[in-house]
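Here is how the chains run, residue by residue.
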Amino acid sequence: HGRVAMAAFVGYIVHENGWRWPWPLSTSLPDYSSFEGLSAPAVWDATPAASKLQIILFVGFLEVWSETKFVLESDGEKHYMRGGKPGYFPTFDLGKPDYSSGNPLGWGVAHPVPFNLFDPFKLTGGLSAEEKARLRLVEINNGRLAMLGIMAFVSAAAVPGAVPALTNAIKHYDGEVMAPFAPEFHLNF
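Basis of the calculations
Residues numbered from 1 in each chain as written. Predicted model: local features only at pLDDT ≥ 70, side-chain atom pairs only at ≥ 80, totals over all residues. Heavy atoms only, no water. Helix = DSSP H or I, 4+ residues; strand = E, 2+ residues; numbered from the N terminus. Expected span 1.5 Å × (residues − 1). Buried < 20%, exposed > 50% of the residue type's maximum accessible area, 1.4 Å probe, protein only. Arc of directions from axis to C-beta. Contact = heavy atoms within 4.5 Å. Patch = residues over 30% accessible without salt bridge, like charges linked within 9 Å, V, L, I, M, F, W, Y side chains within 5 Å. Areas by Shrake-Rupley, 256 points an atom, 1.4 Å probe, with all protein chains shown as cover. Salt bridge = Lys/Arg side-chain N within 4 Å of Asp/Glu carboxyl O.

**Re helix α3 (residues 49-67)**
Stage number 1. End to end, α3 covers 27 Å across 19 residues, agreeing with the expected 27 Å (1.5 Å per residue, within 8%).
Stage number 2. By the burial criterion, the buried members of α3 are S51, K52, L62, W65 and S66. Burial along α3 is one-sided: seen end-on, the buried residues are contained in an arc of 165°. Relative to its buried face, α3 has exposed residues pointing more than 90 degrees away, namely A50, L57 and V64.
Stage number 3. In this structure, the buried residues of α3 make contact with α2 (40-46) and α4 (69-74).

**Thoughts on a nonpolar patch on the surface**
Stage number 1. On the surface, V4, I55, I56, F58, V59 and F61 cluster together into a nonpolar patch covering about 520 Å² of accessible area.
Stage number 2. Looking at which element gives the most residues to the nonpolar patch, the answer is α3, with five residues.
Stage number 3. Secondary-structure assignment places F58 in helix α3.

**Focus: the pattern of salt bridges**
Stage number 1. Summed over all chains, the structure comprises four salt bridges.
Stage number 2. Put simply, R3 and E139 hold a salt bridge, and the shortest N to O gap is 2.9 Å. Pair noted here: R3 is in helix α1 (residues 2-16) and E139 is in helix α5 (residues 129-158), with a separation of 136 residues, a long-range link.

In short, shape yes, function no, at least from these values alone.
Shown next as structure tokens:
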């Protein structure tokens, strides 16, 4: 959850400042003119449902991958709740697919990812196990701080003055912060 919070924190800052991808978000949204002047939560509300679904499915895939016993054991690790390393994210490189077993995935991933999410540029290769453990704890603490930060941003946007340090720094949001799919789904009671 800390990694998701860190991505959300950075994403909030990016969207609050109007920074956009250089390419279209979807075929139904050729430019970002509909997002101009919106707060970050309002940008989420204005994002097409298909784009939201892609984001949720990708994050869901990462969550399933990191929690799967087979994946962790193939990487020589255990789940963090069963004595494994807190903050460890398994690699995507599990070898080559074994088509002879009848399973097209075999021991590999159908579409290999060229890098490890924990250390994509292999900067920690020469570090000791103790230093790597310290860096994982630093990442966990950064994730905790990001959780507080994203909630501060959302609180300041929804309730002006709720976070005095962010007064007049965050655009107001009139939507429902606890119902991120409210524009797509309605329950009439």
